[in-house]
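Residues per chain are reported as follows:
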Amino acid sequence: MDFNSLVQQAQRLTNEVQNTEDIPRMERTLPQVLLAAQELHSRVTQSEMGSQDAQAHIMLGSKGIDLPKITQKLETLSSRKTFEPLEPIADTDIQSFLRNEKENAILSVIEEVHKETYKSAQKQKWDHIVSDWREEKVKLMNALIGSSQGWIEIQKGPEQTILNETSLTGRSCLSSQEMAYAKEVLEYNRLVIEGVLRPNLVQKFALVAEEFNDAKITEMWEIIKYMVNVMPAPRNQDPLRQRSQSGQLVQQAKKYLEHRYKVYMSTVVSEHLREAQLGGVPNTFNLVSAFVRLKFGDVDNLNYIGLQDGRIDGKPIWPMVFYCLRCGDIQAALKCLEFIGPGHEDVVQVLEEKFRKPEQRISSKLEQQIKMQYKRQIRNATDPFKRVVYCIVGSCDIHEQHQDIAKTSDDFLWIQLSLIQMEAEANQEILTYSGLQTMILEQYGEKHFNANDQPHLYFQVLALTGQFEVAIEFLSRFERFRPHAVHIALALSELGMLGGSRDVRQPLLSVDAEDPPPLRRLNLARLVMLYVKKFEITDPAEAIQYFFFLRNLLDSDGRNLFLLSVTDLAIECGEYDLIFGKIQVNGIRSRGLIDQFESVQVDPKAACQMVADELVKKGIFENAIKMFDLAENHEQVLNYTSILLSQVVSQPSKRGSLRERIQIATRDIKDRYDIDEVKCDPKTVSTFVILYDLLKFFDEYHEKKYQLALETLARINLVPFTMADLDSCLRNFKELRVEVCKVFPDILLATMDILHSQYRSIKGKGVQTPFSPSMTGESALARLREQAKALTSMGATIPYRMPGDTNNKLVQTEILMH
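In this numbering scheme, every chain counts its residues from 1 along its sequence in written order. Owing to the predicted nature of the model, reporting of local features is limited to residues with pLDDT of at least 70; listing and counting of side-chain atom pairs is limited to 80 or more, with chain, interface and lining totals taken over all residues. Note that water and hydrogens are dropped before the side-chain values are worked out from all heavy atoms of the structure.

## Some remarks on the overall build of the chain
Here's step 1: Of the regular secondary structure elements, the chain holds 38 helices and four strands.
Here's step 2: We call a residue buried when its accessible area falls under 20% of the maximum for its residue type, exposed when it is over 50%, and partly exposed in between, using a 1.4 Å probe and counting protein chains only. For the chain, the proportion of its 818 residues judged to be buried stands at 43%.
Here's step 3: If you sum the accessible surface of the chain, you get close to 46,000 Å²; carbon and sulfur atoms cover 51% of it. The numbering of helices and of strands both runs from the N terminus, where a helix is a DSSP run of H or I of at least 4 residues and a strand a run of E of at least 2. Note on areas: Shrake-Rupley with a 1.4 Å probe; residue coverage comes only from the protein chains shown.

## Here's the deal with the environment of Leu 630
Here's step 1: Within the element layout of this structure, Leu 630 appears in helix α29 (residues 621–630).
Here's step 2: Judged by relative accessible area, Leu 630 falls into the buried class, the value being 4%.
Here's step 3: Measuring from C-alpha to C-alpha, the distance between Leu 630 and Asp 577 comes to 10.0 Å, with 53 residues separating the pair along the chain.
Here's step 4: The contact definition used throughout considers only heavy atoms, calling two residues in contact when any of these lie within 4.5 Å. For Leu 630, the contacting residues outside a window of four places in its chain are Phe 580, Gly 581, Lys 582, Ile 583, Arg 589, Lys 605 and Cys 608.

## Considering a nonpolar patch on the surface
Here's step 1: To count toward a patch, a residue needs a relative accessible area above 30% and no salt bridge. Like charges then connect within 9 Å, nonpolar side chains (Val, Leu, Ile, Met, Phe, Trp, Tyr) within 5 Å. Salt bridge, as used here, is a side-chain nitrogen of Lys or Arg placed within 4 Å of a carboxyl oxygen of Asp or Glu. Taken together, the side chains of Ile 94, Phe 97 and Leu 98 present a nonpolar region at the surface, about 310 Å² in accessible area.
Here's step 2: Mapped onto the fold, Ile 94 is located in helix α5 (residues 94–143).

## Describing the packing of helix α25 (residues 540–547) against helix α26 (residues 561–573)
Here's step 1: Close contact between α25 and α26 brings their axes to 9 Å; oriented N to C, the two are set at 160 degrees. By the criterion of interaxial angle, the relationship of α25 to α26 is roughly antiparallel. Once α25 is placed against α26, the crossing between them reads as right-handed. When α25 is examined against α26, the residues Pro 540, Ala 543, Ile 544 and Phe 547 are found in contact with a partner set consisting of Phe 562, Ser 565, Val 566, Leu 569 and Cys 573. Between N-to-C directions, angles cover 0 to 180 degrees, with each direction set by a line fitted to C-alpha atoms, over the stretch in contact for helices. Note on angle classes: values under 35 degrees are labelled roughly parallel, values over 145 roughly antiparallel, values of 65 to 115 roughly perpendicular, and the remainder oblique. Here a crossing is called left-handed whenever its near helix is offset anticlockwise from the far helix by less than a right angle, and right-handed whenever the offset is clockwise.

## Considerations on the environment of Cys 327
Here's step 1: Mapped onto the secondary structure, Cys 327 falls in the loop between α14 (317–326) and α15 (330–337).
Here's step 2: When the C-alpha positions of Cys 327 and Thr 284 are compared, they lie 7.6 Å apart, and in sequence the two are 43 residues distant.
Here's step 3: Setting aside its immediate chain neighbours within four residues, Cys 327 contacts Glu 258, Lys 262, Met 265, Thr 284 and Val 288.

## Concerning the packing of helix α11 (residues 248–271) against α14
Here's step 1: Where α11 meets α14, the closest approach of the two axes is 8 Å, and the angle between their N-to-C directions is 120 degrees. Between α11 and α14, the angle falls in the class oblique. Contacts between α11 and α14 involve Leu 257, Glu 258, Tyr 261 and Met 265 from the first element and Tyr 323, Leu 325 and Arg 326 from the second.
Here's step 2: We call Asp, Glu, Lys and Arg charged. Ala, Val, Leu, Ile, Met, Phe, Trp, Tyr, Cys and Pro are nonpolar, and the rest, Gly among them, are polar. Tallied by class, the residues present in the contact of α11 with α14 amount to five nonpolar, no polar and two charged.

## Quick notes on helix α9 (residues 215–227)
Here's step 1: The span one expects for a helix is its residue count, reduced by one, times 1.5 Å. Here α9 spans 18 Å end to end across 13 residues, near enough to the 18 Å set by a 1.5 Å rise per residue.
Here's step 2: Restricting attention to buried positions, one finds in α9 the residues Ile 217, Glu 219, Met 220, Trp 221, Ile 223, Ile 224, Tyr 226 and Met 227.
Here's step 3: Along its buried surface, α9 packs onto α7 (176–194), α8 (201–210), α11, α21 (455–464), α22 (468–475) and α23 (482–494).
Here's step 4: Polar contact is defined as a pair of N or O atoms within 3.5 Å, subject to the rule that within protein one atom must be able to donate a hydrogen and the other to accept it, and that residues adjacent in sequence are counted only when both atoms are side-chain atoms. If you check the start of α9, you find a side-chain oxygen 3.1 Å away from the backbone N of Lys 216, and it comes from Asp 214.

## Thoughts on the pattern of salt bridges
Here's step 1: Throughout the structure, instances matching the rule amount to 38 salt bridges.
Here's step 2: Between Asp 309 and Lys 386 there is a salt bridge, with the nearest N and O atoms lying 3.1 Å from each other. Taken together, the residues Asp 309 in the loop between α13 (284–296) and β1 (311–312) and Lys 386 in helix α18 (residues 384–394) connect sequence positions 77 residues apart.
Here's step 3: Each of Asp 238, Arg 502, Asp 512, Glu 514, Asp 515 and Arg 521 takes part in one network of salt bridges that share partners.

## Topic: α14
Here's step 1: When you tally the buried positions in α14, you get ten out of ten residues, the bulk of the element.
Here's step 2: The set of residues buried in α14 consists of Ile 317, Trp 318, Pro 319, Met 320, Val 321, Phe 322, Tyr 323, Cys 324, Leu 325 and Arg 326.
Here's step 3: Of the residues flanking the end of α14, it is Gly 328, one or two places downstream, whose phi is positive at about 80 degrees.

## Let's talk about the packing of aromatic side chains
Here's step 1: Pairs were defined over the aromatic rings of Phe, Tyr and Trp, the Trp ring being its six-membered one, requiring ring centres within 6.5 Å. Orientation was assigned from the angle between planes: stacked under 30 degrees, edge-to-face over 60, tilted for the rest. One pass over the structure, following the stated rule, counts 34 aromatic pairs.
Here's step 2: For the pair Phe 291 and Tyr 323, a centre-to-centre distance of 5.3 Å together with 75 degrees between the ring planes defines the contact as edge-to-face. Here Phe 291 is found in helix α13, whereas its partner Tyr 323 is found in helix α14, with 32 residues between them in sequence. Side by side, Phe 291 and Tyr 323 carry an identical accessibility label, which is buried.
Here's step 3: Pairing Phe 322 with Tyr 323 gives two aromatic rings, centres 5.2 Å apart and planes at 70 degrees, and the pair type is edge-to-face. Just as Phe 322 is buried, Tyr 323 falls in that class too.
Here's step 4: Site record: aromatic cluster; members linked through ring pairs are Tyr 261, Tyr 264, Phe 291, Phe 296, Phe 322, Tyr 323, Phe 385 and Trp 414.
Here's step 5: Two thresholds decide whether a charge sits over a ring: the Lys NZ or Arg CZ must be within 6 Å of the ring centre and within 35 degrees of the ring normal. If you follow Lys 335 out to its NZ or CZ, it ends over the ring of Phe 285, 4.4 Å from the centre.
Here's step 6: Here the guanidinium or amino end of Arg 551 rests over the ring plane of Phe 548, the centre of that ring lying 4.2 Å away.

Encoded structure:
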């Protein structure tokens with residue numbers, strides 16, 4: 001379509017619109033149309049912000065919101081700040097000045113409250129965080145294994161105790177096994193206290209463990225019985241250093257494994273008597289012969305499994321030799337070697353020397369011959385039993401694992417123990433005791449022995465390699481084995497065979513740089529306290545027996561750990577009378593649990609004093625007074641009784657209140673103590689006596705026995721009743737201690753109230769005056785006014801910062817009496 005046709009169509013459309021009357025004609029030239037289009041385009045696309053405003057208008061408009069109108073309303077709102085600074089005013093504008101001062105005071109109070117609230121919230125938040133961290137820190141330190149240098153001190157702070165249902169009903173938290181151990185502990189401690197010969201605690205505990213009918217527990221104690229059956233070391237020597245230098249533990253571990261294997265072979269043979277064909281005299285040779293027959297059978301050709309050097313009645317020679325050695329019978333092994341051909345004379349000679357002198361090392365010449373023969377011939381032999389016998393006899397090839405024979409942990413451990421040598425010559429590679437310990441603890445570790453699923457197995461390999469501390473700590477992680485771990489530790493400690501921590505603040509298991517690796521030290525104090533924590537509330541008598549094992553330990557401040565533990569126990573369970581006894585009517589202290597240890601240098605009075613000091617630190621003055629009384633520390637008894645009296649003496653007495661309890665205790669002290677001869681500071685005594693008399697004064701005041709109260713107060717001579725007495729009362733006030741000064745505002749107010757009550761009685765009802773019967777009403781009123789004036793003057797003159805409204809109340813009451 002060309003341009004002419006378009007023009008014609010436009011003209012035709014124009015004519016049609018002109019002929020239509022319904023639609024009004026609007027004329028706009030092309031420049032006007034262009035200008036309007038440009039204006040519309042500029043409004044829509046003027047800028048990015050403008051585009052966003054337009055989009056906002058469109059979006060909100062679709063929801064029925066008039067954005068321009070809202071914008072206008074927002075602009076009209078006042079944004080005046082609540083706490084904006086006040087405008088300066090002229091000096092002569094009194095009303096504005098007072099208004100500003102009032103507003104400033106209100107604003108300052110609000111700001112101060114805001115700051116204090118924020119500080120309080122922050123303090124509570126951090127206290128809570130610190131408390132949670134302390135609990136986590138204790139758990140971490142208990143499980144931590146590391147260098148023992150520079151440990152963080154963990155101090156036991158006050159904790160809220162929530163008694164469980166068992167403690168409320170009087171039931172014990174001890175299980176049957178724990179109770180059985182506790183009875184044995186009690187009996188052992190009794191013998192120690194009496195000074196008689198101590199029994200072997202390992203033997204005692206092992207007998208107790210047999211009653212549990214648990215094979216694993218019995219086996220653990222059997223291991224400990226073997227391992228402690230050594231020559232006792234001097235008490236002044238370090239157990240860890242002595243342990244690393246002695247070969248007795250190696251021999252005892254081998255004896256246990258040999259005895260255990262002999263029992264195993266007897267069990268196997270007895271279950272297959274027909275096949276084993278056990279006969280002859282009961283001895284190791286015949287037992288091994290029957291066992292080997294069951295294991296290998298009577299086959300004619302043993303070469304197919306690599307066994308060498310013939311047979312003994314159809315049984316291979318080298319397995320016979322090995323199993324005889326495995327049972328610990330060298331003589332039976334020598335009997336087996338009699339059936340072997342020539343070429344093994346060195347082995348026979350070594351075994352004969354070991355049989356004659358089991359404690360001594362074989363000659364170096366023989367040892368070198370065995371090693372040379374092993375290196376040249378035996379190492380590549382097809383018979384695994386022959387190889388292992390040579391390794392055991394001559395300590396050859398310490399890196400060979402002998403996996404064909406060592407099928408169990410017992411076999412592996414026995415072979416390794418047999419390879420140990422205590423001394424080495426130059427350029428000689430040997431397996432040492434510490435090397436085996438490192439292999440078990442660090443090279444293999446818990447993962448290799450599947451310790452979490454077989455804790456008894458890991459305990460066994462640790463204990464048999466002389467690592468008692470690590471074994472006990474590992475066993476204590478399991479709830480089922482914890483009681484046994486604790487009592488194993490106690491038994492070893494009493495025998496002087498436990499490597500204890502040098503500082504009681506150290507974690508449960510720690511490394512000391514001075515100890516031979518990889519030995520650890522066990523914190524016996526921490527172990528006992530963690531164990532006792534379970535039942536110390538319900539069974540304090542048993543808890544004290546366990547704390548007695550800590551009697552030779554000191555804390556970082558040099559305090560006896562036994563007394564310190566008893567102190568914490570008493571504060572925790574609150575059984576002060578049970579533990580320390582109580583003062584009877586005759587003034588003599590009854591015996592408590594602590595008194596049974598008096599013969600072993602445990603001073604009950606020192607224990608009471610220690611508990612009292614801790615109670616004072618915790619702010620528990622009421623119990624502290626009782627403990628100071630038991631410790632016969634009269635100075636502190638009167639001092640802290642006065643402190644408590646000053647807080648409650650002015651209160652009305654109520655049944656069961658602190659005031660009533662303190663009043664009863666105060667009367668008891670007053671009756672028992674000879675106040676005139678008690679060895680205390682005179683000011684401490686006088687303060688106690690004044691507060692004791694004030695108890696009576698306030699009791700009479702609250703009972704409205706006003707005249708008796710005034711007579712009591714007059715005897716104390718604290719406040720003036722005439723202006724002439726003012727100077728002497730002021731002098732007396734300067735000699736008073738703070739405990740009495742704190743009560744002085746209440747004394748003045750109570751006395752003024754008594755005077756005002758008497759004034760109203762005389763003024764209103766004309767009753768008889770409280771003074772002389774001959775005194776008239778006006779004279780009595782004048783006397784009361786004088787007394788009120790003396791009290792007001794006293795309150796205004798004394799050098800003590802009293803509460804702000806005290807003087808106001810005194811003055812107002814005095815005014816009412818005029």
